[in-house]
Structure formats: structure tokens, C-alpha cells
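# Residue-level structural notes
Residue-level listing of the chains:
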Amino acid sequence: MSSNVRPENMKRINTPELAQAFIDEQVAAVRTQVGDKKVLLALSGGVDSSVVAALLIKAIGKQLVCVHVNHGLMRKGESEQVIEVFGKALDANLIYIDATDRFLDLLAGVAEPERKRKIIGAEFIKVFDEESAKLEGISFLAQGTIYPDILESDGVKAHHNVGGLPEDMEMELVEPVKLLYKDEVRVVGEALGLPHGMVYRQPFPGPGLGVRCLGAITRDRLHALREADAILREEFDKNGLAGKVWQYFVAVPDFKSVGVRDGKRYEGWPAIIRAVNTTDAMSATIEEIPYALLHHITDRITHEVEGINRVCLDLTPKPIGTIEWE
């Protein structure tokens, strides 16, 4: 599939049989495209890159080199999980790079969302170029681009997988799921034998917490965001909402308000909870969260996370609001 336009007669992949037919088609296409060369994949551990990894392992095995870059913008415990699942359980050809300081230094003082995305995307490419220079025979760069990424890259946002690639990049792209919607990617992932929990894990943007730490990223606010988000995810898991809500996360804006803690004036940032349901990421509805649970989450975040003194709930559907704040 070389075109970036989904054919009108392409069936929606919603059965194991259709998924298997797609897998067979893409395995053949990848083998034809790649030959005996090596492919470099940005393995974030999210649904899209995980499915692409499984598909490429099926097609070309150890010719695939998975690179997990910890850009310092991952959720709590996420890089450790990638190493556990892919490096150990799936025996992938995995390289781990901790580039936290490199990314955060570049992002210091940058508040404009599009600039942040482009800096993160460009630095990813630099990391991969540097990594491929250490390896022999790397000719291709695989990406977990899906169809909504292509549709939304036209004026809505600079997507982390679409555009922004340097003209002198020597690697050709491999994008086997670029004509699929998110729900189809999940069906394909299950047909490939990936764990159900991984396939139905909520999506996470390429720029990571960089688009949820709103405005110019600081290390203290990024840490507060990561901790607040971990509490939200833990409580959703405990209370049976993890499987019912498609995406849920915390965003922290770059302003403070006055509060009171231990009888003293306490200035802190607000944590904004966003919980939405969707099937294809093109539109989204708001999931109702029981108020008792919201009160409990608010109590935990405001008492356990240094720097957060308010919790707000975002009730805006898509459209009119995008799923991410930036």
C-alpha cells in the first residue's frame, strides 16, 4: 500500500479473518520492500508501534531492530515495561536509549505546541540516524503511522509520525498500518497474538507527556504530571474503568493558583482530568466518572503530588475539543 489515501472499497477490518488477510498481505509487501536489509523501528510500547513490531517480526524476524528512546516524557514505569515485555517476553532485537536530558534541554523555555512537537520529532529522527550509523545494513525506518494521523496532519496538528522528516534522511519508510483506523489496528494486534492488555492499552502520543505538560516544560511540573497521571491510571484500574474508557489522562497547565495546605497558603498547578471514549479517534464522547471516585482521585492527587493543589475535569467532546490539549 504505497498511497496515503484509503481505497473506498477497502473493507473495515473487524474480524480475525479480515485481520489475517491483511497480515498476510502486509507480510508479503514488507518482505518485497525490505529484502535482506535491516529495519529500524521506534518502539514506544504503545498500541501502534507494538502492532507494527509484531507484524515486522513475523515478516522479517531479527532483521528488525527495535529502538526504545526514553525521551523523559514517558508515563511512570513505562520504559521499564517496554524492556520487560519486548526485550524479555517477546525476545525482540531491542536497543534502549535514555535520552532524557537531551530532550528536556532542547525543550527548555519552548511554550508553543507545534514547536515542541517538531523539536521532539526531529530529535527522534536524529537519535535514530545516530543509532543506525552504529549498525550495518539499516536501510529502512518503520513507523506506527495510522490513518487518522494522515488525515489530521492536514492543518490540525503536526503529527509525530507524519512530515517533519529531514530531506537528507537516508532511510526509506515502512508504514504497514498507515491505512488503518485505531480499532482495526487492535483487531490486527490480537490476530498477531499480542497480549489483550497490550492491544487494548490506551494510546499515548509520540511526544508523550510533552503535549500534556502544557506550555514550556519544566522538570518539576513534568514530575508532578507524571505522578498525578499514575494515580489516575491506578484508580481507573482498581475501579473497573480501565476497560470501559478508551483514553484517560492528566494535563497540567503552566499557571498556578492559590490554595491552602496544613493551614498555610499554598500555590500550585491544577491537574486536568480528561476521559473520553471513541472507536476511530476521529470523534470522541465524554465518559461519565462516578463522583465518589472523582472525589477520591482529587484527594489523592492534591495530598500525594507535590505542586498540585486543584483537580479539574474536562467535559469537552471531540469535536469541538481535540483529544489532546496540545
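Residues numbered from 1 in each chain as written. Predicted model: local features only at pLDDT ≥ 70, side-chain atom pairs only at ≥ 80, totals over all residues. Heavy atoms only, no water.

### Some words on the packing of aromatic side chains
In plain terms, the rule: Aromatic rings from Phe, Tyr and Trp, with only the six-membered ring used for Trp, were paired whenever their centres fell within 6.5 Å, and each pair was classed as stacked if the ring planes differed by under 30 degrees, edge-to-face if by over 60, and tilted otherwise. Comment: elements are numbered from the N terminus, with helices defined as DSSP H or I runs of at least four residues and strands as E runs of at least two. Burial classes follow relative accessibility: with a 1.4 Å probe on protein chains only, a residue under 20% of its type's maximum area counts as buried, one over 50% as exposed, and anything between as partly exposed. Lysine and arginine charges are scored as sitting over a ring when NZ or CZ, respectively, is within 6 Å of the ring centre and within 35 degrees of the ring normal.
Summed over the entire model, instances satisfying the criterion amount to 3 aromatic pairs. Consider the rings of Tyr147 and Tyr181, whose centres lie 5.6 Å apart with planes at 90 degrees: the pair is edge-to-face. Of this pair, Tyr147 sits in helix 6 (residues 147–152) while Tyr181 sits in the loop between strand 5 (172–174) and helix 7 (182–191), and the two are 34 residues apart along the sequence. Among the residues examined, Tyr181 registers a relative accessible area of 14% and is labelled buried. The side chain of Arg75 reaches across the aromatic face of Phe204, ending 4.1 Å from its centre. Sitting over the ring of Tyr266, Arg261 keeps its end group 4.4 Å from the ring centre.

### Regarding the pairing of strand 3 (residues 94–98)
To be explicit about the condition: Two strands qualify as a pair provided that DSSP identifies no fewer than 2 bridges between them. Classification remark: right-handed applies to a crossover when, strands pointing away from the viewer, the course from the first strand over the helix to the second runs clockwise.
Alternating residues of strand 3 divide into Ile95 and Ile97, all buried, and Leu94, Tyr96 and Asp98, none buried. Examined bridge by bridge, strand 2 (residues 64–70) and strand 3 share 5 bridges and lie parallel to one another. Bridging from a neighbouring strand, Val67 pairs with Ile95 of strand 3. The β-α-β motif built from strand 2, the intervening helix 3 (residues 78–89) and the parallel element strand 3 has right-handed crossover chirality.

### Section: the sheet that holds strand 4 (residues 138–142)
Definition in use: Axis definition: a line fit to C-alpha positions, over the contact stretch in the case of helices; interaxial angles, taken between N-to-C directions, run 0 to 180 degrees. Residue contacts are counted whenever heavy atoms from the two residues lie within 4.5 Å of one another.
Within the open sheet, the 5 strands sit side by side as 3-2-1-4-5. Their pairing is parallel. Two strands in the sheet have a free side with no partner beyond their single neighbour: strand 3 and strand 5. On average, each strand axis in the sheet is inclined to that of its neighbour by 30 degrees, with strand direction left out of account. Here strand 1 (residues 38–42) runs beside strand 2; their pairing, made up of 4 bridges, is parallel. In the strand pairing of strand 2, Leu40 is matched with Val65. Running at roughly 170 degrees to strand 3, helix 3 makes contact with strand 2 and strand 3 of the sheet. This element, helix 5 (residues 113–134), spans strand 1, strand 2, strand 3 and strand 4 of the sheet and lies at about 135 degrees to strand 2.

### Looking at the pairing of strand 1
The sheet contact formed by strand 1 and strand 4 spans 4 bridges and is parallel. Residue pairing in the sheet places Leu40 in a bridge with Leu141 of strand 4. In this fold, strand 1 hands off to helix 2 (residues 47–60), which returns the chain to strand 2; that crossover is right-handed.

### Some words on the side chain of Arg221
Note the following rule: Definition of a polar contact: a pair of N or O atoms within 3.5 Å, with one able to donate and the other able to accept a hydrogen when the atoms are protein atoms, and with sequence-neighbouring residues admitted only if both atoms are side-chain atoms.
Topologically, Arg221 is positioned in helix 9 (residues 219–238). Only 2.5 Å separates the side chain of Arg221 from the backbone oxygen of Ala216, close enough to count as a polar contact. Polar contacts involving the side chain of Arg221 include one to the main-chain carbonyl oxygen of Val252, which spans 2.8 Å. Apart from residues lying up to four places away in sequence, Arg221 is in contact with Cys213, Leu214, Gly215, Ala216, Val252, Pro253, Asp254 and Trp269.

Purely geometric numbers; function is a separate question.
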